[in-house]
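# Fold and contact review
Residues per chain are reported as follows:
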Amino acid sequence: MSPVPVPVPRSAADFTSDFSAAGLDGSLGPGARPALLLVDPATAYTDQASPLYAGVETAVAGMQRLLAAARSHEIPVYVTRVRFSGPGDGGLFARKVPATRVWHEASRWAQFIPGLGPEAGETLITKQYPSAFFGTPLASLLSAARIDTVLVAGLTTGGCIRATALDALQNGFIPIVAKDAVGDRHPQIHASNLVDIQAKIADVETVSWIEDYLASLPESPAP
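Residues numbered from 1 in each chain as written. Predicted model: local features only at pLDDT ≥ 70, side-chain atom pairs only at ≥ 80, totals over all residues. Heavy atoms only, no water.

Looking only at helices and strands, the protein chain features 7 helices and 6 strands. In the protein chain, the succession of helices and strands from N to C terminus is α-β-α-β-α-β-α-β-α-β-α-β-α. Taking all 223 residues of the protein chain together, 43% fall into the buried category. Relative to all contacts within the protein chain whose residues are 6 or more apart in sequence, the contacts with residues 24 or more apart total 81%. (Helix = DSSP H or I, 4+ residues; strand = E, 2+ residues; numbered from the N terminus. Buried < 20%, exposed > 50% of the residue type's maximum accessible area, 1.4 Å probe, protein only. Contact = heavy atoms within 4.5 Å.)

Shown next as structure tokens:
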């Protein structure tokens, strides 16, 4: 029998080239009325004692910087958290991922990373599944505020960030994922998801790019 060929590991650049050749290289471009959506900035991902610890300290620094920029330019801020309070919460998601027990309301790991919780006037979204849109009023709130662009940051890239960006797109909002303000427990998973998100779901940009975009907006956009 002929030996089974072993796949050769490929870089994110290789996949980017493949996707571009296939025509998966479009760009949405930002709109005129952005909001920041900070997804699950919880200590579950930063406390080394937590089963969900992901080593995402660099992404946390990016989130802090992006949140400061959003507040400085007075754009709406939405922050999500996951909360389970009793049996059945989380449905099949909780069954598939037993580590979601960290989201129980009594868990210290369900709390916000210091400095990344919502302030007065900002919107808290409570969810039980990966997407910030699923089972929440987020789409309605964004529509009522006439938001056209959702700046997505938070945790984790291959899970809640991807699911949220996809649902933003499917609900008619331009998703822009801040590549250095999202993170995952493995750098290859993080990088591969960003390539795929850029190809099919959202524009992936740096925090610096988003800061420049926010600075370019009129101080008082038309209502």
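This brings us to helix H6 (residues 187–200). Here H6 spans 20 Å end to end across 14 residues, near enough to the 20 Å set by a 1.5 Å rise per residue. For H6, the full list of buried residues reads His190, Asn193, Leu194, Val195, Asp196, Ile197 and Ala199. (Expected span 1.5 Å × (residues − 1).)

In this section: the environment of glycine 62. Among the secondary structure elements, glycine 62 is positioned in helix H2 (residues 57–72). Residue contacts for glycine 62: discarding those within four places in its chain leaves Asp180, Ala181 and Val207.

A word on helix H5 (residues 157–170). Between its first and last C-alpha, H5 extends 18 Å over 14 residues, near the 20 Å set by a 1.5 Å rise per residue. The inward-facing, buried residues of H5 abut strand E1 (34–39), strand E3 (123–127), strand E4 (149–155), strand E5 (174–183) and H6. Immediately downstream of H5, the backbone of glycine 172 shows phi near 90 degrees, a positive value.

For the rest of this paragraph, the subject is the nonpolar core. Within the largest apolar cluster, 38 residues are counted, with the highest numbers of intra-cluster contacts made by Leu36, Met63, Leu66, Trp103, Leu151 and Leu214. Contributions of two or more residues to this core are made by E1, H2, strand E2 (77–82), E4, E5 and helix H7 (207–216). Per-element tally for this core: the top contributor is H2, with 7 residues. Each residue touching leucine 66, except ones within four places of it in the same chain, is listed here: Leu36, Ala153, Ala178, Ala181, Val207 and Ile210. (Core = buried A, V, L, I, M, F, W, Y, C linked by side-chain atoms within 4.5 Å.)

A few words on the pairing of E1. Counting buried positions over the 6 residues of E1 gives 6, a clear majority of the element. Side chains of E1 alternate between two faces, with Pro34, Leu36 and Leu38 and Ala35, Leu37 and Val39 buried alike. As paired elements, E1 and E4 share 6 bridges and run parallel to each other. The residue bridging alanine 35 from the neighbouring strand is valine 150, located in E4. Here 3 bridges tie E1 to E2, and the two strands are oriented parallel to one another. Pairing of leucine 36 across the sheet is with valine 77, part of E2. Note that the unit made of E1, H2 and E2 has a crossover that is right-handed. (Pairing = 2+ DSSP bridges. Right-handed = clockwise from strand over helix to strand, strands pointing away.)

Before going further, it helps to examine the pairing of E2. Most of E2 sits out of view: 5 of its 6 residues are buried. Where E2 meets E3, 5 bridges bridge the pair, whose relative direction is parallel. Counterpart to arginine 81 in the pairing with E3 is threonine 126.

This part covers the pattern of salt bridges. Throughout the structure, instances matching the rule amount to 7 salt bridges. Among the ionic pairs, aspartate 47 bridges to arginine 108, the shortest N-O distance being 3.7 Å. Of the two residues, aspartate 47 sits in the loop between E1 and H2 while arginine 108 sits in the loop between helix H3 (91–96) and E3, which places them 61 residues apart along the sequence. Using a relative accessible area of 52% as the deciding quantity, one classes arginine 108 as exposed. (Salt bridge = Lys/Arg side-chain N within 4 Å of Asp/Glu carboxyl O.)

On to a nonpolar patch on the surface, then. On the surface, Leu28, Leu166 and Leu169 cluster together into a nonpolar patch covering about 210 Å² of accessible area. In this fold, leucine 169 is placed in helix H5. (Patch = residues over 30% accessible without salt bridge, like charges linked within 9 Å, V, L, I, M, F, W, Y side chains within 5 Å. Areas by Shrake-Rupley, 256 points an atom, 1.4 Å probe, with all protein chains shown as cover.)

Once that is clear, we can look at the sheet that holds strand E6 (residues 203–205). Reading across from one edge, E3-E2-E1-E4-E5-E6 is the order of the 6 strands in this open sheet, with parallel pairing throughout. The open sheet has two edge strands, E3 and E6, and neither has a second partner. When the angles between neighbouring strand axes are averaged without regard to direction, this sheet yields 25 degrees. Against the sheet, H2 touches E1, E2, E4 and E5, its axis set at about 135 degrees to E5. Where H7 meets the sheet, its contacts fall on E1, E4, E5 and E6, and the angle it forms with E5 comes to roughly 135 degrees. (Axes fitted to C-alpha atoms, helices over the stretch in contact; angles between N-to-C directions.)

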